[in-house]
Amino acid sequence: MKLELFASLSKKRTKETSVAVAMANFEGRKKEVIAIIGGGISGLLACKYCISKGFDPILFESKSSIGGVWTKTIGSTKLQTPKPVYQFSDFPWPDSVNQVFPDQQMVLEYIESYARHFDLFSHIHFNSKVLSLNFEDGGSGDGEWNLWGEAYSYSNKGKWKVTVQDTRAISPQIQIYQVDFVVVCVGRFSQVPNMPEFPQNKGPEVFEGEVVHSMDYSMMDSSTATNFVKGKQVAVVGFQKSGMDIAMECSTVNGVERPCTVLIRTPHWNLPDYFPWGLNLGYLFLNRFSELMVHKPGEGFLLSLLATILSPLRWAFTKYIESYIKHKHQLAKHGMVPEHSFLNELSSCSVSLVPEGFYERVEEGSIKLIKKAESFGFSKEGIVLDGHATEPIKADVVILATGFNGLDYLKHIFESTKYQEFIAGSDDSAAVPLYR
Ligand SMILES: Cc1cc2nc3c(=O)[nH]c(=O)nc-3n(C[C@H](O)[C@H](O)[C@H](O)COP(=O)(O)OP(=O)(O)OC[C@H]3O[C@@H](n4cnc5c(N)ncnc54)[C@H](O)[C@@H]3O)c2cc1C
């Protein structure tokens, strides 16, 4: 198994390169069968590269269409990365898309046209959910790692057993494939909602209103979503992209009459735009030079030394951006200055773009921010904040924008605990986590 190929890619240009490098080592061994799991951007990129290197990959996609997270989003969601940065390097956006931040439909059409252009559809098995992966080492023995090109494989004699379920079949239909390599591209912002845990009698069961996860809300079409929140007291838990988008939608529907309450556990360095004090953010952090400023897992001595030498510059860039966000969003006034650094936010790929006019809605009173909501529970009437001697926050609807458990999902696709243990996050704030 090539660990380089664990691709769940959110930075396309960087990852495109890393997949390409790994694939370059496969030249001359084109009979190997490669399975790709997931038909989002990452899976499609991996598929295109495998084909370009002479392979005939099989891509398993559990749904009936490609595009992953972009197949259905909250109605108002747009790309939050400027279009030129969110672009396949070998397939530019069409001229017809003029917006810097295209909407969901445009992104989806762009992804589909990429797949058509590189003739990827014939490789895709739709409605095929990979239930598990298991490596059968072909008798090479436990713990034996082999160098293959520049990458290590656990054994080049063994095969991966890919167990696939046909999701259309009424009775479960399972098929097993044997392949040489697997590229796992199952995404991190879908599948398993991250649900907070509550002590007994403090969970949603005691609440008389309705509780949904942002994933359910995003599945609604626009008019259903509007009716779902209209005239209701809505509380949104979470302050990342989904939480902010949902709060904006609720405040548009209900105005100051029924402010939308947002519970915030951790303030974030969310960006107002990509031009801090007039300088393009890309020049500071989103380029190949800036990659040298951060420590990476498994880096060699020279790269580690370079990252250490460049640390004052990293610090200066970080402070520069932080000062801009603080100023632009008046974070101190709103009590929203994060305790962690912007670099930490950026390298964990959790920076969101604040929807235009968000803090104006806070000022006018149609969005109400409740800060330092470390933990909470439910009462009959709404939300009770632990450690706050305040009245419950009355609500008819609570929307949990609490994210996804992507790492857990990724881990458990492997049957063996040995491979599950390879999937690990990093606690080192200066290091690059898995998904960068
Ligand atoms: C609302 C929203 C807005 C975003 N905006 C931006 C942005 O502006 N800029 C940015 O850089 N990133 C953004 N992202 C991050 C986004 O996740 C990535 O940009 C990118 O689309 C992820 O692609 P992916 O292929 O890694 O994962 P996904 O798009 O999640 O695709 C994974 C695919 O794998 C399939 N799959 C999962 N499990 C299995 C299985 N067991 N068997 C078979 N198939 C399976 C899924 O059905 C899905 O099609 C956003 C994410 C969301 C949710």
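The numbers attached to residues start from 1 for each chain and follow its sequence in the written order. Per-residue local features are limited, in this predicted model, to residues with pLDDT of at least 70; the limit for side-chain atom pairs, both in listing and counting, is 80 or more; totals at the level of whole chains, interfaces and linings are taken over all residues.

Q: Let's hear about the sheet that holds strand β16 (residues 393-394): which residues, and what values?
A: Two modes of strand pairing occur in sheets, parallel and antiparallel, and in both the strands are linked by backbone hydrogen bonds. We treat two strands as partners when DSSP finds at least two bridges between them. Where helices and strands are cited, they refer to DSSP runs of H or I of at least four residues and of E of at least two residues respectively, numbered from the N terminus. Taken together, three strands build an open sheet; the order of strands is β14-β15-β16 and the sheet is antiparallel. The strands lining the two open edges of the sheet, one partner per strand, are β14 (376-378) and β16. Note that strand β15 (residues 382-385) and β16 share two bridges and pair antiparallel. Across the sheet, the residue bridging to G382 is K394, located in β16.

Q: Please provide a residue-by-residue account of the sheet that holds strand β1 (residues 34-37), values included.
A: The strand order across the open sheet formed by four strands is β3-β2-β1-β9, and the pairing between neighbours is parallel. Each having just a single partner strand, β3 (124-125) and β9 (181-184) make up the two edges of the open sheet. Bridge count between β1 and β9: four bridges; the pairing is parallel. For I36, the partnering residue across the bridge sits in β9 and is V183. Note that contacts rest on C-beta atoms placed from the backbone: two residues are in contact if these are within 7 Å. Angles run from 0 to 180 degrees between N-to-C directions of axes, and those axes are lines fitted to C-alpha atoms, restricted for helices to the stretch in contact. Contacting β1, β2 (58-60) and β9, helix α2 (residues 41-52) crosses the sheet at an angle of about 160 degrees to β1.

Q: Describe α2, naming the residues involved and giving the relevant values.
A: The span you would expect from a helix comes to 1.5 Å times its residue count less one. A rise of 1.5 Å per residue sets the reference length of α2, with its twelve residues, at 16 Å; its end C-alpha atoms lie 17 Å apart and thus fit the reference within 8%. With respect to burial, α2 is a largely interior element, ten of its twelve residues being buried. Residue burial is a threshold on neighbouring C-beta atoms within 10 Å of the residue's own C-beta, all placed from the backbone, with 20 or more meaning buried, 12 or fewer meaning exposed, and counts in between meaning partly exposed. Those residues of α2 that sit buried are I41, S42, G43, L44, L45, A46, C47, K48, Y49 and C50. A positive backbone phi angle near 95 degrees is found at G54, which sits one or two residues after α2.

Q: Any chance you could break down the nonpolar core for me, citing the residues and the numbers?
A: Working definition: the nonpolar core is a set of buried Ala, Val, Leu, Ile, Met, Phe, Trp, Tyr and Cys residues, joined through C-beta atoms within 7 Å. Judged by nonpolar contacts, the single largest core of 48 residues is most densely connected at V234, A235, V236, A247 and I399. The element best represented in this core is helix α6 (residues 241-254), accounting for five residues. The contacts of V236, once residues within four sequence positions are left out, are G243, I246, A247, C260, V262, I399 and A401. Listed in part, the 37 residues of the second largest apolar core include F55, A115, L120 and L410.

Q: Give a description of the site of the ligand that names residues and reports values.
A: Surrounding the ligand, one finds 32 residues, the nearest of these being G38, G40, S42, G68 and G187. Secondary-structure elements contributing two or more residues to the shell around the ligand are α2 and β4 (128-136). For the shell around the ligand, the residue count by class is twelve nonpolar, 16 polar and four charged. Each residue receives a C-beta atom built from its backbone; the residue is near a molecule or strand if that atom lies within 6 Å of it. Residues were grouped as follows: Ala, Val, Leu, Ile, Met, Phe, Trp, Tyr, Cys and Pro as nonpolar; Asp, Glu, Lys and Arg as charged; and all remaining residues, including Gly, as polar.

Q: Break down the confidence of the model for the protein for me, with residues and values.
A: Residues with a pLDDT of 70 or more make up 85% of the protein, whose mean pLDDT is 85. Counting contacts from residues 1-29, a segment whose pLDDT is below 50, to residues more than four positions away or on other chains yields 62 contacts. The predictor's confidence in any single residue is recorded as pLDDT, a number from 0 to 100. The low-confidence segment residues 426-436 (pLDDT under 50) makes 24 contacts with residues lying over four places distant or belonging to another chain.

Q: Tell me about the packing of helix α5 (residues 222-229) against α6, and name the residues and values.
A: With their axes 10 Å apart at the nearest point, α5 and α6 run at an angle of 70 degrees to one another. In terms of axis orientation, α5 runs roughly perpendicular to α6. Here α5 and α6 pass one another in a crossing that is right-handed. Contact residues: A225, T226 and V229 in α5; E249, C250, V253 and N254 in α6. Classifying every residue of the contact of α5 with α6 by side-chain character gives four nonpolar, two polar and one charged. Here roughly perpendicular refers to angles of 65 to 115 degrees, roughly parallel to angles under 35, roughly antiparallel to angles over 145, and oblique to all remaining angles. It is the rotation of the near helix from the far one that decides the hand of a crossing: anticlockwise by less than a right angle makes it left-handed, clockwise makes it right-handed.

Q: Describe the environment of Q178, and please don't skip the residues or the numbers.
A: Within the secondary structure, Q178 sits in strand β8 (residues 173-179). Exposure remark for Q178: the 12 C-beta atoms within 10 Å place this residue in the exposed category. Each C-alpha atom, one on Q178 and one on V33, is 8.2 Å from the other, the two residues being 145 residues apart in sequence. Excluding its chain neighbours within four sequence positions, the residues that come into contact with Q178 are K159 and K161.

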